[in-house]
Amino acid sequence: MSVLTSVLGAQSLGIPREGEVNAAVRSRVHNGEGNLSDLSDSNKELDRRLVVQAQAGNKKAFELLVVKYQRKLLRLVNRFVHDASEAEDVTQEAFIKAYRALKSFRNESAFYTWLYRIAVNTAKNHLVSRGHHFTTHTVAASEEAENFEDAPTLKDMNTPEALLMSRQLAETVNSSMSELPEELRTAIHLREIEGMSYDEIANIMNCPIGTVRSRIFRAREAIATKLRPQLDVSSDRRW
Amino acid sequence: MNIEQLSAWMDGELNRDLEEKILTNWLVDDSSAEVWNTYHVIGEVLREPDITIVDLSSRVMKAIELENIECSAVPVVDKMHSVYGSWKFWGIAASLLISLTGVGFLLSPPNPETKSLMLAQENSTPPVSHANIDLPQSSAYYVFLHHEVSPMSGFQTVDYPIAQ
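This write-up is about the structure you can find in this document.

Reading the values: rules and limits
Residues numbered from 1 in each chain as written. Chains lettered and ligands numbered in written order. Predicted model: local features only at pLDDT ≥ 70, side-chain atom pairs only at ≥ 80, totals over all residues. Heavy atoms only, no water. Salt bridge = Lys/Arg side-chain N within 4 Å of Asp/Glu carboxyl O. Helix = DSSP H or I, 4+ residues; strand = E, 2+ residues; numbered from the N terminus. Buried < 20%, exposed > 50% of the residue type's maximum accessible area, 1.4 Å probe, protein only. Polar contact = N/O pair within 3.5 Å; in protein donor to acceptor, adjacent residues only side chain to side chain. Contact = heavy atoms within 4.5 Å. Phe/Tyr/Trp six-rings, centres within 6.5 Å; stacked < 30°, edge-to-face > 60°.

It is worth spelling out the pattern of salt bridges at this point. Per the stated rule, a full pass over the model turns up 19 salt bridges over all chains. A salt bridge links E63 of chain A to K60 of chain A, with the shortest nitrogen-to-oxygen separation between them at 3.5 Å. In this pair, E63 of chain A and K60 of chain A are both assigned in helix α4 (residues 59-78), three residues apart and thus about one turn of the helix distant. Across this residue pair, the class does not change: E63 of chain A and K60 of chain A are buried. Of the charged contacts, one joins K226 of chain A and E179 of chain A as a salt bridge, the two residues approaching to 2.1 Å between their closest N and O atoms. In this pair, K226 of chain A sits in helix α12 (residues 209-234) while E179 of chain A sits in helix α9 (residues 160-179), placing the two residues 47 residues apart along the sequence. The exposure class of K226 of chain A is partly exposed, given its relative accessible area of 39%. A single salt-bridge network, built from bridges that share partners, covers R191, E192 and R220 of chain A together with D11 and R47 of chain B.

A few words now on the side chain of Q70 of chain A. In this fold, Q70 of chain A is placed in helix α4. A distance of 3.2 Å separates the side chain of Q70 of chain A from the backbone nitrogen of S57 of chain B, its partner in a polar contact. The contact partners of Q70 of chain A, leaving out residues within four places of it in the chain, are T91 and F95 of chain A together with N37, V54, D55, L56 and S57 of chain B.

This brings us to the side chain of S7 of chain B. You can see S7 of chain B is positioned in helix α1 (residues 3-10). The buried category is assigned to S7 of chain B, whose relative accessible area is 0%. Those residues in contact with S7 of chain B that lie beyond four places of it in its chain are Y198, I216, F217 and R220 of chain A together with Y39 of chain B.

Before going further, it helps to spend a moment on the packing of aromatic side chains. Each aromatic ring pair is characterised by the separation of its centres together with the angle its planes make. Using the criterion set out here, one finds eight aromatic pairs over all chains in the structure. Taken together, a centroid distance of 6.0 Å and an interplanar angle of 80° make the contact between F105 of chain A and F111 of chain A edge-to-face. Assigned by exposure class, F105 of chain A and F111 of chain A land together as buried. Ring centres 5.4 Å apart and planes at 45° place the aromatic pair W9 of chain B and W36 of chain B in the tilted group. Residue W9 of chain B is located in helix α1, and its partner W36 of chain B is located in helix α3 (residues 31-47); the two are separated by 27 residues in the primary sequence. Looking at W9 of chain B, the relative accessible area reads 0%, which means it is buried.

Pasting the structure below:
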């Protein structure tokens, strides 16, 4: 909290410049205070509940998990499989394997951690079947694949159309954010980028949790209204 | 469907009793999947602008349907219970087996070899009962079996002299 207020300034809780926010987030993560959305306890708990539902036979619950993690997993698989089409196939296979093995998942670790390992193994098996050989270095690198600094970035492997689509989406989201009223922009920023809970946001913004919930929802809906036409187009394409 | 509830649930900030309602609504309202996807895209683009937009969920779920993969949770049994449970199970099974075997022997007529053994037994040992009770054939065979499988026991009776 003290890092955040020092970066943002005591008086203003408006959105800082992007560099300042990123530095604040990195600092918190480095100091072990990070609470990025994907790793938060509430996120793990939500995943756990969805897994329980899926294990009980609710396929829609598993579909929600697929929708939630498909891009992240694809990004991970892309670090092994550079061809975009093959990477999608491998990612799809990883999800199917996860579903087949779901009954043996005991919810003792985070669902994404378990999914991550399945995806890495699936990608490796794919490469082996294509005649690649793994060295010790490769194995070690693969274990840190997602955060491996020297690994090729996604943009190096994407097609020009995919890169253009990514940029357009980013521009749409950023321009929508800048048009939001300050309280909505602050709320969604603190939630999505800072990974704060509603309770923490309510403390910072000095408002009830219900208000936080409403602001985040309205911000999302305002951005989604402008984003949907682009997403409808992208869903018809195969990168 | 209440999309604001969906937004809160996505952040893990919704009451659990509403969660089941959301998932139930999902089964009849596919538009919720689109909202879920769009909201996640917003968050991911804000955190990582280079994200690749892709929709694999429909392909994955279709593949699962085609393969007819069923997922049923296996109850988690703690180790101690499983050990105790298995001992109990096998104990009961063994008892039943022995009982059924015994009943089977009782009900089935003895083969000639066994019968000859019985006769030999009868000739070499004292009478089973001082009261000269004429045991039915099945009981006699049970006595024989008892002699055979219980080396420590002798089927004896004790005469208690009656005080005059």
